Each structure stands twice: as C-alpha cells, then as structure tokens.
Amino acid sequence: MLHMELYNRTWLPWSQNQSAIYQSKELTNPTFSHWTRHLPGNRPTKQMPNGHKTCKHKLDKKIIEQLEYNPSSPIVVPKYKLIFFWSAKSACTYWKRLMQFIQGINKTILHDPRSGLKNLNMFNKCTIMEMMHDEQWLKAVFVREPRERILSSYLDKGQHRHVMYEVCKINRTVSFNEFLEIIKHCKNSHWDNQCRVPGIFL
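From a predicted model like this one, the values you see are computed outputs, not experimental measurements.

A.B. asks: Teacher, can you tell me more about the pattern of salt bridges here?
C.D. replies: Should their charged atoms come close, side chains of opposite charge can pair. If you walk through the whole model with that rule in mind, you get six salt bridges. Ionic pairing is found between Asp112 and Arg114, a salt bridge with its closest N-O pair at 2.9 Å. The class for Asp112 is partly exposed, based on a relative accessible area of 26%. Two residues, Glu181 and Lys184, come together in a salt bridge whose shortest N-O distance is 3.2 Å. Each member of the salt-bridge network shares a partner with another, and the members are Lys89, Asp156 and Lys157.

Next comes the structure, spelled out in structure tokens:
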C-alpha cells in the first residue's frame, strides 16, 4: 500500500544532486506559489498582451510611422552606431554608395532592398526606439537647398509624361508652375520634406 502511494506521487527533480523530492503542501498551495513568484529575483518580466516584452520607451504610433516610412527609411550602420536620414534628390545616390563603402558592401544595386544596406524599418519597433533614444547612436542628416531640390525634381519627373502618370496619375508633361501646384496634393519622396527626424529627437 505504501509502495503504491509513493508510486502515485508527483516527483520533482532536484537540481543539485538529481535526487527527487515529492511536492510538499506549500509547493502545491496556490497562494504560496503566487507569493513566491514575486520574491526578489523571481519577479516576472512585464509582458504585452501578445506575449512580447514591454518596450523600454513609449511607442508613439506617429513617431514609429515617421521612422519606418518605407521609401526613405534611415540607413543604419551598426558598426559605427550611425543612423543616417537620407532623402531623395539630396545626393542620395552618393550617400548610399558611401554607406556601402564604409561597410565593405560590394554591390552596384543602390535603390533596392538587395543593396545590402540595413534600414531602420528592418528592426522591430522597440529596438528602433531604443536606438533613437540612445545617445551613443549618432543620428545624421544632410539636406539640399530646397529650391534647387524642387527644380531637380521637376526636371527629373515633371518633364516626363510616363513618370507623372505613374506618380501623380497625370498623363502629360507639366510646366514648372503646374508642377508646384500638383506636388501640394501629390505626395512623393522626391519632393517631400527632406528631414524626417521626429521633433522629439531634434
């Protein structure tokens, strides 16, 4: 009888000598178990509803959207802890080639995910906010004289019918004055704001 009672008990492995002990009344008591979970060293990590750990910094939806903006998400260079905010029509080809060079990336592709460059939107939201708040990470941006940039955008886009149709659904070339009016409503990275750094980080 005693043999059967011992056989039916739930046994726990003992970490030090691999011997076994059966569960005591305290270990099986829900109140005791709940209390011991919150002893120093046993405090559980706060978690979000989906099971992920909570972020160190507040996740502001607008800030995240601004940082993850797909056409011009900042380039991240982990080796030098650099986050570079590039923008179209502001020597972006030159800057991307430079970012490839300093990382030893030998590829001719630039404006494509296959360029080998890492963008900020490739990281999870918590990591993005941690890097942006970390003063050890350098955040840099170079901008172009705005009037020169708009003129360059017009010569590159506004004078090409197929481009205007693809970007703004206008099936013709346009004058410069028309272009200035069109871009007020037709959004594109080639004439959007150059500096996409959220205000809280400036």
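A.B. asks: I'm lost on a nonpolar patch on the surface in this one. Help?
C.D. replies: A cluster of nonpolar side chains, Leu151, Leu155, Phe176 and Leu180, forms an exposed patch at the surface whose accessible area comes to about 310 Å². Among the elements of the structure, α7 (146-158) and α9 (176-182) are those that each provide at least two residues to the nonpolar patch. In this structure, Leu151 sits in helix α7. Judged by its relative accessible area of 42%, Leu151 falls in the partly exposed class.

A.B. asks: Would you mind going over the state of the cysteines with me for this structure?
C.D. replies: Disulfides are covalent bonds that connect the sulfur atoms of two cysteines. Under the criterion given, the structure shown has two disulfides. Note on cysteine connectivity: Cys55 is disulfide-linked to Cys126, with sulfurs 1.5 Å apart. Disulfide Cys55 to Cys126: torsion about the S-S bond roughly -50°, handedness left-handed. Residue Cys55 is located in the loop between α3 (30-36) and α4 (61-68), and its partner Cys126 is located in helix α6 (residues 125-133); the two are separated by 71 residues in the primary sequence. Note that Cys168 is cross-linked by a disulfide to Cys186, the S-S spacing being 2.0 Å. Around the S-S axis, the bridge from Cys168 to Cys186 shows a dihedral of about -90° and counts as left-handed. On the criterion of sequence distance, the pair formed by Cys168 in helix α8 (residues 161-168) and Cys186 in the segment after α9 is long-range, its members being 18 residues apart. Of the residues examined, Cys168 reaches a relative accessible area of 13% and is grouped as buried. On the basis of relative accessible area, Cys186 is assigned to the buried category, the value being 11%.

A.B. asks: Where do I start with the sheet that holds strand β4 (residues 82-85) in this structure?
C.D. replies: Read from one edge of the open sheet, four strands run β5-β3-β4-β6, paired in mixed fashion. On the outer flanks of this sheet lie β5 (118-119) and β6 (138-141), each paired with one strand and no other. Note: strand β3 (residues 75-77) against β4, three bridges, orientation antiparallel. Following the sheet pairing, Val76 is matched in β4 by Ile83. This element, helix α5 (residues 92-102), spans β3 and β4 of the sheet and lies at about 20° to β3.

A.B. asks: How should I be thinking about the packing of aromatic side chains in this particular structure?
C.D. replies: One pair of aromatic rings is described through two measures. These are the centre distance and the angle between the planes. Across all of its chains, the model carries seven aromatic pairs by this definition. Judged by centre distance (5.1 Å) and plane angle (75°), the rings of Tyr94 and Trp95 are edge-to-face. On the basis of relative accessible area, Trp95 is assigned to the buried category, the value being 15%. For the pair Tyr154 and Phe176, a centre-to-centre distance of 5.3 Å together with 70° between the ring planes defines the contact as edge-to-face. Here Phe176 lies in helix α9 and Tyr154 lies in helix α7, a separation of 22 residues in the sequence. Counting every residue linked through ring pairs, the aromatic cluster contains Phe84, Tyr94, Trp95 and Phe142. The ring of Trp86 has Lys96 sitting right over it, with the charged end atom 3.8 Å from the ring centre. If you follow Lys169 out to its NZ or CZ, it ends over the ring of Tyr165, 5.3 Å from the centre.

A.B. asks: Quick question: what am I supposed to make of α7 here?
C.D. replies: Since there are 3.6 residues in each turn of an α-helix, residues three or four apart along the chain are aligned in direction. Of all the positions in α7, only Arg149, Ile150, Ser152, Ser153, Tyr154, Lys157 and Gly158 are classed as buried. Residues of α7 that are buried sit in contact with α8 and α9. At the N-terminal end of α7, a side-chain oxygen is found 2.9 Å from the backbone nitrogen of Arg147, two or three residues along, and the residue is Glu145.

Thresholds applied
Residues numbered from 1 in each chain as written. Predicted model: local features only at pLDDT ≥ 70, side-chain atom pairs only at ≥ 80, totals over all residues. Heavy atoms only, no water. Salt bridge = Lys/Arg side-chain N within 4 Å of Asp/Glu carboxyl O. Buried < 20%, exposed > 50% of the residue type's maximum accessible area, 1.4 Å probe, protein only. Patch = residues over 30% accessible without salt bridge, like charges linked within 9 Å, V, L, I, M, F, W, Y side chains within 5 Å. Areas by Shrake-Rupley, 256 points an atom, 1.4 Å probe, with all protein chains shown as cover. Helix = DSSP H or I, 4+ residues; strand = E, 2+ residues; numbered from the N terminus. Disulfide = S-S within 2.5 Å. Pairing = 2+ DSSP bridges. Contact = heavy atoms within 4.5 Å. Axes fitted to C-alpha atoms, helices over the stretch in contact; angles between N-to-C directions. Phe/Tyr/Trp six-rings, centres within 6.5 Å; stacked < 30°, edge-to-face > 60°. Lys NZ or Arg CZ within 6 Å of the ring centre and 35° of its normal. Polar contact = N/O pair within 3.5 Å; in protein donor to acceptor, adjacent residues only side chain to side chain.

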